[in-house]
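Fold and geometry: a report
Each chain is listed here by its residues.
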Amino acid sequence: MGFGSDLQGRVSHEGLLSLQDAEIRLLENFRKCLILRYEADRQYASSLNKFLQQAQKLDLRDVLDFSAYHDAVSTIVKETENMVLRLRLNADALSSRTLDTLNAVISEKKALRKQYLEERNRLDSDFNKVQENVQGNKSEYLRMAEKLKLERAKYMDIQTKGKIGSKLEDARARYHKTTVKLHKLHNDYVISLKDATEFQTGYLGTTLPAFLDSHQAVQETLLHQSKFVLEDFLELTNLSSEEYQAMHRSMEDAVNKIEPTTEYTPGFITKFKSEKLSKLMFDFDDKLLDDYKGVLKPSTLQIDDATCESLQHKKSEYGDQLAASQSTMEQKTSMLQELAVEVQQLDDKVVEDHTLDNITKYVDKRKQQEILKKEIAEEKVRVERLTDLQSYISRGLDELGDNPPPVLADLQENGDLETSSNTSTSSTGKKKKFSLPNITGLRKNNQGLKSSRDDVDKSSRDDLLETGHGVRESYEHTEPGSFSNGPRTSMNVMREAGLMQDVGIPQPKSRLEDEEWFHGVLPREEVQRLLNNDGDYLVRESKNKRTNETQYVLSVYWSGYKHFIIQGDTGAWKFEGMSYPTIPELIFQQHCSGDPVTTKSQAILRTPILREEWELMNDDISLEMKIGNGNFGEVYKGVYTPKNLVVAVKTCKDTLSEEQRKKFLQEGRILKQYDHPNIVCFIGIAAQRQPVMIVMEFVAGGALLGFLRKQGKSQNKAQLTKMCLDSASGMAYLEARGCIHRDLAARNCLVGDSNIVKISDFGMSREEEEYTVSEGMKQIPIKWTAPEALNYGKYTTICDVWSYGILMWEIFSCGTTPYPGWTNGQSREKIEDGYRMPAPVGTPSEVYSLMLRCWEYQPERRPKFEEICKELKRIGKHI
Ligand code: ADP
Ligand code: MG
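Residues numbered from 1 in each chain as written. Chains lettered and ligands numbered in written order. Predicted model: local features only at pLDDT ≥ 70, side-chain atom pairs only at ≥ 80, totals over all residues. Heavy atoms only, no water.

1. Thoughts on the coordination of the magnesium ion (ligand 2)
Put simply, a metal with four donors set out as a tetrahedron has ideal angles of 109.5 degrees, and one with six donors set out as an octahedron has ideal angles of 90 or 180 degrees. Asn748 (OD1) and Asp761 (OD) make up the full set of protein donors to the magnesium ion (ligand 2), lying at 2.1 Å. Taken together, the residues span a long stretch of sequence, with Asn748 in the loop between α20 (717–736) and β13 (749–751) and Asp761 in the loop between β14 (757–759) and β15 (771–772) at a distance of 13 residues. For Asp761, a relative accessible area of 18% translates into the label buried. (Donors = N, O, S within 2.8 Å, 3.2 Å for Na, K, Ca; no water. Helix = DSSP H or I, 4+ residues; strand = E, 2+ residues; numbered from the N terminus. Buried < 20%, exposed > 50% of the residue type's maximum accessible area, 1.4 Å probe, protein only.)

2. Observations concerning the sheet that holds strand β6 (residues 607–608)
With respect to topology, 4 strands assemble into an open sheet ordered β5-β4-β3-β6, the strand pairing being mixed. At either end of the open sheet lies a strand with only one pairing partner, and these are β5 (561–565) and β6. Sheet topology note: the strand β3 (residues 536–543)/β6 ladder contains 2 bridges and is parallel. Opposite Tyr537, over in β6, you have Pro608 as the bridge partner. Sheet strands in contact with helix α17 (residues 583–593) are β3, β4 (550–557) and β6, and its direction is about 150° off that of β3. (Pairing = 2+ DSSP bridges. Contact = heavy atoms within 4.5 Å. Axes fitted to C-alpha atoms, helices over the stretch in contact; angles between N-to-C directions.)

3. Examining a positive patch on the surface
A surface patch of like charges, here positive, comprises Lys147, Lys154, Lys177 and Lys181. For the positive patch, the elements supplying multiple residues, two or more each, are α4 (68–160) and α5 (166–237). Mapped onto the elements, Lys147 comes out in helix α4. Residue Lys147 is classed as partly exposed on the basis of its relative accessible area, which comes to 34%. (Patch = residues over 30% accessible without salt bridge, like charges linked within 9 Å, V, L, I, M, F, W, Y side chains within 5 Å. Areas by Shrake-Rupley, 256 points an atom, 1.4 Å probe, with all protein chains shown as cover. Salt bridge = Lys/Arg side-chain N within 4 Å of Asp/Glu carboxyl O. Lys, Arg positive; Asp, Glu negative; His and termini not counted. Charge placed at Lys NZ, Arg CZ, Asp CG, Glu CD.)

4. Notes on the sheet that holds strand β10 (residues 645–652)
Read across the open sheet, the 6 strands follow the order β7-β11-β12-β10-β9-β8; overall the sheet is mixed. Each of the sheet's edge strands pairs with one partner strand only, and the pair in question is β7 (615–616) and β8 (621–629). Inspection of the sheet shows β8 paired to strand β9 (residues 634–640) by 7 bridges, in the antiparallel sense. Along β9, the bridge assignment pairs Gly628 with Val635. Against the sheet, helix α18 (residues 658–672) touches β10, β11 (682–686) and β12 (692–697), its axis set at about 25° to β12.

5. Remarks on the pattern of salt bridges
Within the structure shown, the criterion is met by 46 salt bridges. For Lys110, the salt bridge goes to Glu28, with nearest N and O atoms at 2.9 Å. Of this pair, Lys110 sits in helix α4 while Glu28 is found in helix α2 (residues 10–57), placing the two residues 82 residues apart along the sequence. Glu28 gets classed as partly exposed once you look at its relative accessible area, which sits at 24%. The partner of Glu846 in a salt bridge is Arg874, and the shortest N-O contact between them spans 3.1 Å. Residue Glu846 is found in helix α24 (residues 845–854), and its partner Arg874 is found in helix α25 (residues 865–877); the two are separated by 28 residues along the sequence. Classification of Glu846 as partly exposed rests on a relative accessible area of 27%. By relative accessible area, Arg874 is classed as partly exposed at 39%.

6. Let's talk about the nonpolar core
Leu704, Leu734, Phe762, Tyr804, Ile811, Ile868 and Leu872 are the most contacted members of the largest nonpolar core, which totals 83 residues. If you tally residues by element for this core, the top one is helix α22 (residues 797–812), at 10 residues. Mapped onto the domain boundaries, this core takes at least three residues apiece from domain 3 (615–697) and domain 4 (704–878). If near-sequence neighbours (up to four positions away) are discounted, Leu704 is found in contact with Met723, Ala746, Cys749, Leu750, Val751, Val757, Leu807 and Ile811. Counting 18 residues, the second-largest nonpolar core is a separate cluster that includes Leu554, Phe564, Ile583 and Ala603. (Core = buried A, V, L, I, M, F, W, Y, C linked by side-chain atoms within 4.5 Å. Domains from an automatic or database assignment.)

7. Some points on the site of ligand 1
Ligand 1 sits among 18 residues. The nearest are Gly630, Asn631, Lys650, Glu697 and Asp761. Val699 has a polar backbone atom sitting 2.9 Å from a nitrogen atom of ligand 1. One of the side-chain nitrogen or oxygen atoms of Asp761 is found 2.7 Å away from an oxygen atom of ligand 1. Bound to the protein, ligand 1 loses 87% of the 550 Å² it would expose on its own. Listing elements by their share of the shell around ligand 1, those giving two or more residues are β8, β10 and β12. Among the elements that make up the shell around ligand 1, the one with the highest residue count is β8 (3 residues). Partitioning the shell around ligand 1 into residue classes produces 9 nonpolar, 5 polar and 4 charged. Both of domain 3 (615–697) and domain 4 (704–878) provide at least three residues apiece to the shell around ligand 1. (Near = heavy atom within 4 Å. Polar contact = N/O pair within 3.5 Å; in protein donor to acceptor, adjacent residues only side chain to side chain. Nonpolar A, V, L, I, M, F, W, Y, C, P; charged D, E, K, R; others polar.)

Right, dumping it as structure tokens:
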């Protein structure tokens, strides 16, 4: 079987031609694919380069030189660098070696096809000539035979009639001559038949098969070369080649070297070993009693009729705390046992099935286990401490046996009492004297002390703030000797802390919402922008990610952002220390005490960060009428009541996650900074509670798209050009501020008084020079988006220029949807092929050329908004 024996016929000939055509087209198309492939590989290499740049930003070698984890990350970075290099080299080889070979094959294939056709035509024409020769001889033969028949008949006729002489002679001569000619022609015909037979034998038996076989051989040779191109392609695009595998193995080895049990012990410990913390001595300062002439003894409890009751009180209080601690410890111990079983099961599961989900669950439980262990250890210390304290007091009291406590000595006899001019205003407004300049006063008159304390407790908070100094002194002096454990109100604690005089915040309000430092449901990222200096703090509301329950969070800046969930399970609110009935009281106390919020963070509350002007109260916004449907929720017309201002309000459904709420608010945050007649004006964000709202000026004409569809036809060219100019001015303002809108379209512009156009809907905007989309392209407005953004997710202001071109087209086509009748996919394909929409009817040619410039495929060839503005102003003058 072969071309020579099986492809002689006409059909085969046609087949061979189509085969060659198809092969050439296949190769040419593959050449396009090849180009796209190495471009994509280069692109990938450049993207990976960003990975490397990011990795190089941080150099922690000095601190982490012991760390196998750090080594692993470094190896990953190094091997990724090798990978980038390899990718680049391969892409270069594809673009030179492989592409060159492919080009050569294609030209050879084209030459071969041409040569085949010419040769075949020549052979066919030779064979035809032979056949024509036979045919020619045959018809000559036939004609002569006819003539002979005629000459013979004439001659016979003359002979029959008995005529003689020249007539007969002539007839006979003609007859003879014709006979001779016929004989010659007969021979010619016989020879031509023989020649044709011989030719055919040679043509069919040798020439044609040889020609076809040689063509087959060349075809095969070229296929060989074509195959090499594909092999080369495979080799250069093989991402699992031995070389890549080696890089991967090297990374894998580095990761396998991470051994959590030896990373820190001895690794880190060897590097940072320190001496154990030495114990502090808590000894009674004997000097306190130097001038003292009474019965108090160093490090010994004083038990008399004045202190006995409070000591008993203290003892039973410790007893209660001890019981609570013991029960907590029991609970936690049994939880720990259950956890241990779960951890073991998860551990087995991880060994069996090494999935991320299993590992995460295991790590989660292990963390819980360690936290519990730590808590149990702490609880144990507390139990021991309380046991010791309780028995220390008990021992003292037990010594009394059944005897009543000794009576307190009369201080006046010792002449210790000093007079003082300190005064405090009692609740009755009567000035009361009390005089407790030193601890000995305690012993003087127990009653006196009590009444002074009562006065203090009864005083109003304002009084306390005003006369803080006096109160502080009085309280400071009462504390050292007192075992009393009165109610812990914030006032009390403030007094204890002695900070009444430098309170930095107003008194606690009864409702959290009324506190200026409460920022409602503003997300973490948003509030962080408000905290700048150590001690800045505020409170916000959020949702527990696991249980979805509402929780309150204290956000503080203290060498970085810290967020503390305010514990409130028991009906009172607390951090690590005491509980308070309301969050305002807790925060007030925490601020006044100057104590760290938690021991670990050491964060101290210094400056409450109050709501900014743009943080509106939800109650101040009354929604009147729905005017649109937004991505995150509905859009309403409403009134901002404090200023009686008509506003547009974008709401965020309260069912959305915190993440989505954050995205929703991004629009408000971006808009907040802008002030331009062609940008919709921002009024504020209401986030005191759900639903969160972005409040903007109400632009009466609504969306530009609707306006164009209803009234576009009645606008003249100058008016439409002015609308283009308005939107370009707004965009030029954004361009100058490094804001990419990403969703510029007539539906996202608004029409105000005198038909002024304002850019709106900053839901997709970014304040970056270049923004690369990583997530899917689901929500991309394809028909408005520039090719480079669609193809590589790369957004810049120049992409907005493309969208702006479409917006101009919408304006002049009175709100027609672009690429009418085409799907997104079709439009995208056509654009890639170089198609651009024709000008809508009546578009001035200069405006259309501007549109076309906005749709230049190469971004750098598009005009900037500033230039567009200038151009439109110029055009506007003579329209
Ligand atoms: P989304 O981000 O969901 O697309 P938009 O900002 O585009 O939301 O608003 C949706 C619609 O609500 C607009 O098309 C317009 O009709 C109306 N709208 C939005 N903002 C205003 C405003 N400031 N004044 C008047 N109408 C508005
Ligand atoms: Mg919109």
